[in-house]
Structures are given as structure tokens and as C-alpha cells.
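A look at the structure
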Amino acid sequence: MGQMMNQPMLISSIIQHADRHFGRKEIVSRRVEGDIHRYTYRDCHKRARQMANALGNLGVAMGDRVATLAWNGYRHLELYYAISGSGAVIHTINPRLHPEQIAYIANHAEDTYVFFDLTFLHLVETLAAQCRSVKGYIAMTERSNMPAVSTIPNLMCYEDLIEASSDRYEWPTFDENSASTLCYTSGTTGNPKGVLYSHRSTILHAYASSMPDALNMSGREVVLPVVPMFHVNAWGFPYSAPLTGAKLVLPGPALDGGSLYELIEQEGVTFSAGVPTVWLGLLEHAGRGKLTFSSFRRIVIGGAACPPAMMKTYRQQYGVELVHTWGMTEMSPLGTVCTLQSHHLVLPQDEQQAILEKQGHVVYGVDMKIVDDAGSELPWDGTIRGNLYVRGPWVAKSYFKAENGEVLQDGWFPTGDVATIDPEGYMQITDRSKDVIKSGGEWIGSIELENVALAHPAVRLAACIGVFHPKWDERPLLVIVKKPGADVSKDELINSYKGRVASWWTPDDVVFVDSLPVGATGKILKNEIRNQLRDYKLPTT
Ligand code: ADP
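Residues numbered from 1 in each chain as written. Predicted model: local features only at pLDDT ≥ 70, side-chain atom pairs only at ≥ 80, totals over all residues. Heavy atoms only, no water.

Scanning the protein chain from terminus to terminus reveals 15 helices and 25 strands. Structurally, the protein chain occupies a C-alpha span of about 70 × 60 × 50 Å along its principal axes. For the protein chain, the residues scored as buried account for 58% of the 541 residues in total. Taking as baseline every contact in the protein chain between residues at least 6 positions apart, the subset at least 24 positions apart corresponds to 66%. When the accessible surface of the protein chain is summed, it comes to about 22900 Å², and 50% of that surface belongs to carbon and sulfur atoms. Charged side chains in the protein chain number 49 positive and 58 negative. The centres of these two groups are separated by 2 Å. (Helix = DSSP H or I, 4+ residues; strand = E, 2+ residues; numbered from the N terminus. Buried < 20%, exposed > 50% of the residue type's maximum accessible area, 1.4 Å probe, protein only. Contact = heavy atoms within 4.5 Å. Areas by Shrake-Rupley, 256 points an atom, 1.4 Å probe, with all protein chains shown as cover. Lys, Arg positive; Asp, Glu negative; His and termini not counted. Charge placed at Lys NZ, Arg CZ, Asp CG, Glu CD.)

Below, the structure is given as C-alpha cells:
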């Protein structure tokens, strides 16, 4: 056996490291109250230790679940370390879920305490009667902002707990495979499922995601995670930023283009991360005001396919690179990132662009393959599409309290995505398997069809769904939201597919709508669109 130290990888070591080595580096937060709060990694560590003592005084024990309903802010960050670091499990709840789903999740997780931002006071008032295991609720604010009257049982004040607690606290040492964090999938179909991360998986993910061809996180960056800390750990930013000493800027609830622009400029943000709809908002804001960016260079985009047209606009008009990533809740979330190799740098711009539009290369640690419906592995030729399977030390093997339900297939996690992989290992998602359009026994990739529509200057949002056809089973229907004040006809859009996709892929019809339904993680909900259009009939049928 090797003779190296067997030191467990524990989340508390990250904030200790940040305190020691980047102690004066800033964490800037836009608070729920609207003002800006700033302090340092050293301050964060001190208050996390105070909160760890407070949790101990409340009787929170190793493995207990402690929930949060909160935006990206410094108190939420303190809880990330105080809860996991002391051996309990932070359960981040997505407040955008339906209250009934939240109650289901809190009961399923058997949460012991719930910490919440004041934004969610009424939500918590509604939930409290239904959450059977919760012993108390903590409002993440100071005494002067506490509600005068409330129906919430055992309501406490965050700052009171901090004030009453000593900062003398020794982070405990335990097995690195212990659970650290619980996050439920959004449950677009069926009940949400709990993904239970460990200290080890979280640290390995933080290491790997910091690498240059991953997030390229470093002490020279000023990072703004727009991705919420209430879903999939804000893609690990709360760990990778302190691990590398990046300045952290937390946007709170203000995620509109104007608020983000202001924060980016004021704090000298160099890179940010989020789903495509957020970047559309920022682009529209910058366009309206004819604004430019002074420090902003890079956006890591994922959660849904990045429209190539948006990638080009950001680069050509604003000098901001959009880096495409792919992952999911069950993968902590990072799976692939799209960056160029040295031999690509000599390629013409359009060939480089074609590579960058893919979801990218796996980050070392994740292994992937594509298989057919019988489970046989398919070749990496960049054309053949198959079901995407992954495995790795930060990929889930089962769901919380469903350990007997077999999730893996021969040790691989089926992602539910359909993809191609090219000979160089660049993966491209063509669809979620449940969104694939099956026409005449062949698959039509809806993402590619949406990207063609999104390249039209009058199109703001596009979704492509399969609708019933008596001969072909399904045919593609394009659902479009136009940009305000812009116009485009159905024929013009359909004609724009000529020469861009195989002719039988061309959508049969276009429906113009005022808005598209967006889910709790900011993605367009295709099942909802299919529902809304269930009585729709194609013109030819
Ligand atoms: P939920 O939408 O239920 O919250 P996740 O946040 O875990 O679930 O989303 C994971 C899914 O999002 C992936 O399986 C994939 O379908 C989709 N996704 C993530 N990144 C991309 C991307 N870059 N391109 C296309 N789809 C993506």
C-alpha cells in the first residue's frame, strides 16, 4: 500500500484554507433588502464557526438535515460551511417549486430546521403546518427586520443566534464519504428525487471544476454565480471560489439584466455562470442602453443548450466568451465543458465556432458513453445519436431513501439525454430523450431546430415539440416568442431551414405565442407546452 497520509477530504477544510490564505479576499452580496453587504473569507469563516456552535446548541446532530430556502448571499454561504462542516447535511430547497412539492421534499428529507430569507416568509407560513419534522424556523436577518407577528412556530432570528454563539469551534473530523448536502431534482415528471452528495464528492468536484479547461477558477477572477445556491450547489461555486481564492459576488434575488449589469460593473466581475434565459436578459439590457462591459470576459452557460446566435452576439459585440457546459443534479453538476485544444486554434473562426457550440469534453473524473436502446455502445463519430450514460466519483449511484431502486445500468448512470460524441470526444446533446421528435421511425433533434429559429433576428425564444401526425407518428412544430417590436412570418421562418437541416427535419408549422412556460430552474418546460397545445392539429392532418 502507498504510504501517504489518509486525510479525509472535508468541506470545512475549504473555508479554513480560504481564511488562512485568502483571508482578506472579499465576498460581496446584494441583500434581500437591496443594499450591498461586503466582508471577507475570514469573516465568513468566523461566522460559520459561530453558526456551527448555534446548530450544536439547537441539538443538530451528525447526519441531521437542515434546510435552506434562500438566495445567493453571505448568510447562505455561512450555512453551507456551518451545516456540512459540523457533520449535518445542508438541504437546499428550490423556493420556486410549488409549495406542495416543497412540503413533500421537507417531509421526505425529515428536515429538522429551516433557514429562510425574508422573501420567503409567507411561503414558510404556508408550509409550517405541513412540515412534520421541523423543530424550528430561522429568519436569515437581523432583529430589527423580524416580523412583529407571525404564525410560524418556534421562529428565531439568524443574527441573534450568531451573536449568542462563540467563534471558538473545532471543525470535527469524520469519514469523507459522509453525506454533506441534499438537493432534489425538479421533478418535472413524478415526485422530486433526492441527490445526496458527500464531502468527498463535493471536494473532488470542486478541484476538478476549477481546472483551466473546466471553469478556470483562480485567485485572479471575480466570480458572480447567478446559478442559484438553492439548486445543485450553484454549480459548486461556493466551494471552488474559496478553494482558489476568487472574489465572490453574490446577486441575491435581483437577477434581471439591469441589476446584474450594475453588479458586474461595480465589482469588476470577470466571469459568471447561469442558464441561457438569464444571459438573454443581460443581453437585452445591454442592447437597450448601448452599454459595454469593462471587466466581464466570460460566461459559463449550461442547464439548457446555448443558442449559437447568442454566443456570437456576446463575442462579436461585447467581447464576452460563452463557454458551453453540460451537467445535471445527479452529477454535482459538472460533466462536460467546451474549450478548444491547441490544434484547433489555427482553424478558421466558423470551424472553431462549430466546436464551441457542442456541450464539450468530459472533465477528468467523469467517463461517458452513448448506447442504443438495447444498451450496446455506439461509435464516437459525431453523427450517431445515442442515450448518454456517465459514471464518476461525483455521479449519484442512488437516490435518497430509495437505495433499493436500481438506478445504475451496469454501473453507469443513464442521464436521460440523447447525444453524439465526435472522434475527439466532444459531446453534443441533441435532445432530452423525452423531448425527441420521432418521425417515421427516425429521430429529429429539437435543439438543432430551435437553434436555427433563434438565429433569426426577430425571434426571442423558440421551442420545438413533436405533434401527432397520422402517417409519420410525429412531426416538428415550432413555437415562437417574437422580440418586442419585431416581426417575422411563418413562411419566412420555415424557409430559413432550407440548406440548414435535412429537408424532412423542417418544422411543419409555426405557432406564435406571447410567452413560454419556464420551470423552477429557469428552463423552458416542453412538457407544459405539449400540454398547452394538446388540441393543436397540423394544417395537413
Ligand atoms: P432539472 O431540470 O430537473 O432541475 P437538472 O438541473 O439536473 O434537472 O438538469 C439537467 C438536464 O439539463 C440535463 O440532463 C440536460 O437535459 C439539460 N442540460 C444541462 N446542460 C445542458 C446543455 N448545455 N445543453 C443541453 N441541455 C442541457
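In the vicinity of the ligand lie 16 residues, with Ser-186, Thr-325, Thr-329, Asp-417 and Lys-523 positioned nearest. Here Gln-359 contributes a side-chain N or O atom positioned 2.8 Å from a nitrogen atom of the ligand. For the ligand, the protein covers 92% of the area, taking 570 Å² as the surface of the free molecule. Ranked by the residues each element gives to the shell around the ligand, the list is headed by strand S14 (residues 321-327), at four residues. Partitioning the shell around the ligand into residue classes produces four nonpolar, nine polar and three charged. (Near = heavy atom within 4 Å. Polar contact = N/O pair within 3.5 Å; in protein donor to acceptor, adjacent residues only side chain to side chain. Nonpolar A, V, L, I, M, F, W, Y, C, P; charged D, E, K, R; others polar.)

Moving on, we get to the domain arrangement of the protein chain. With domains assigned, the protein chain is organised as domain 1 (7-221), domain 2 (328-430) and domain 3 (435-532). When residues of domain 1 are sorted by the area they lose upon contact with domain 2, His-108, His-205 and Asp-213 head the list and together hold 28% of the total. The interface formed by domain 1 and domain 2 includes one salt bridge. Here domain 1 is connected to domain 2 by seven residue pairs in polar contact (both at pLDDT 80 or more). When contributions to the side of domain 1 that touches domain 2 are tallied by element, the ones reaching two or more residues are helix H4 (99-109), strand S8 (179-184), strand S9 (194-198) and helix H7 (199-210). Here the side of domain 1 that touches domain 2 takes six residues from H7, the largest share from any one element. (Domains from an automatic or database assignment. Buried area = accessible area lost by both parts, 1.4 Å probe. Salt bridge = Lys/Arg side-chain N within 4 Å of Asp/Glu carboxyl O.)

When the terminal C-alpha atoms of helix H3 (residues 74-85) are compared, their 16 Å separation across twelve residues agrees well with the 16 Å that a helix rising 1.5 Å per residue should span. Of all twelve residues making up H3, twelve are buried, and the element is well covered by its neighbours. Every buried residue of H3 is accounted for by Tyr-74, Arg-75, His-76, Leu-77, Glu-78, Leu-79, Tyr-80, Tyr-81, Ala-82, Ile-83, Ser-84 and Gly-85. (Expected span 1.5 Å × (residues − 1).)

Position of Glu-176 among the secondary structure elements: in the loop between helix H6 (158-163) and S8. By relative accessible area, Glu-176 is classed as buried at 15%. Ignoring sequence-local partners within four residues, the contact set of Glu-176 consists of Gln-7, Pro-8, Met-9, Leu-10, Ser-198, His-199 and Arg-200. Among the polar contacts listed, one links the side chain of Glu-176 to the backbone nitrogen of Met-9, at a separation of 2.9 Å.

Sheet architecture is open: four strands sit in the order S17-S18-S19-S20, paired in antiparallel fashion. With one partner strand each, in any of the chains shown, strand S17 (367-371) and strand S20 (427-432) form the two edges of the open sheet. Direction aside, the axes of adjacent strands within the sheet are offset by 50° on average. Across four bridges, the pairing between strand S18 (residues 386-391) and strand S19 (residues 413-421) is antiparallel. Paired with Tyr-389 across the bridge in S19 is Pro-414. (Pairing = 2+ DSSP bridges. Axes fitted to C-alpha atoms, helices over the stretch in contact; angles between N-to-C directions.)

Applying the stated criterion to the full structure yields five cavities of 30 Å³ or more. Computed from the structure, the largest cavity encloses a volume of approximately 160 Å³. Taken together, 18 residues form the lining of the largest cavity, with Arg-31, Val-32, Gly-73, Arg-75 and Asp-117 sitting closest to its centre. Counting only elements with at least two residues in the lining of the largest cavity, the list comes to strand S1 (26-30) and H3. Of the residues forming the lining of the largest cavity, the biggest block, three residues, is contributed by H3. For the lining of the largest cavity, the residue count by class is seven nonpolar, six polar and five charged. (1 Å grid on protein atoms, 1.4 Å probe; cavity = no way out; pocket = protein on both sides within 12 Å on 5 of 7 lines; lining within 4 Å. Points joined across faces, edges and corners; volume = space filled by probe spheres on them.)

Considered as a void within the structure, the second largest pocket measures approximately 750 Å³ in volume. Lining the second largest pocket are 30 residues, with Pro-308, Glu-357, Gln-428, Glu-448 and Asn-451 positioned closest to its centre. When contributions to the lining of the second largest pocket are tallied by element, the ones reaching two or more residues are helix H11 (308-318), helix H12 (349-356), S20 and helix H13 (446-454). The greatest single-element share of the lining of the second largest pocket, amounting to five residues, is contributed by H11. Its residues assigned to classes, the lining of the second largest pocket shows ten nonpolar, twelve polar and eight charged. Counting contributing residues per domain, the lining of the second largest pocket is built from domain 2 (328-430) and domain 3 (435-532), each supplying no fewer than three.

Time to look at the packing of helix H2 (residues 41-57) against H3. The contact between H2 and H3 brings their axes to 8 Å, and the two run at 60°. Classed by the angle they form, the pair H2 and H3 counts as oblique. Every pair of crossing elements has a handedness; the one defined by H2 and H3 is right-handed. Contacts from Cys-44, Arg-47, Ala-48, Met-51, Ala-52 and Leu-55 in H2 reach Tyr-74, Arg-75, Leu-77, Glu-78, Leu-79, Tyr-81, Ala-82 and Ile-83 in H3. (Parallel < 35°, antiparallel > 145°, perpendicular 65-115°, else oblique. Left-handed = near helix turned anticlockwise from the far one by under 90°.)

As for its position among the elements, Glu-442 is in strand S22 (residues 442-444). Judged by its relative accessible area of 45%, Glu-442 falls in the partly exposed class. Put simply, Glu-442 and Glu-474 are 32 residues apart on the chain and 9.9 Å apart in space, counted from C-alpha to C-alpha. Apart from residues no more than four positions distant in its own chain, Glu-442 is found in contact with Ile-437 and Trp-504.

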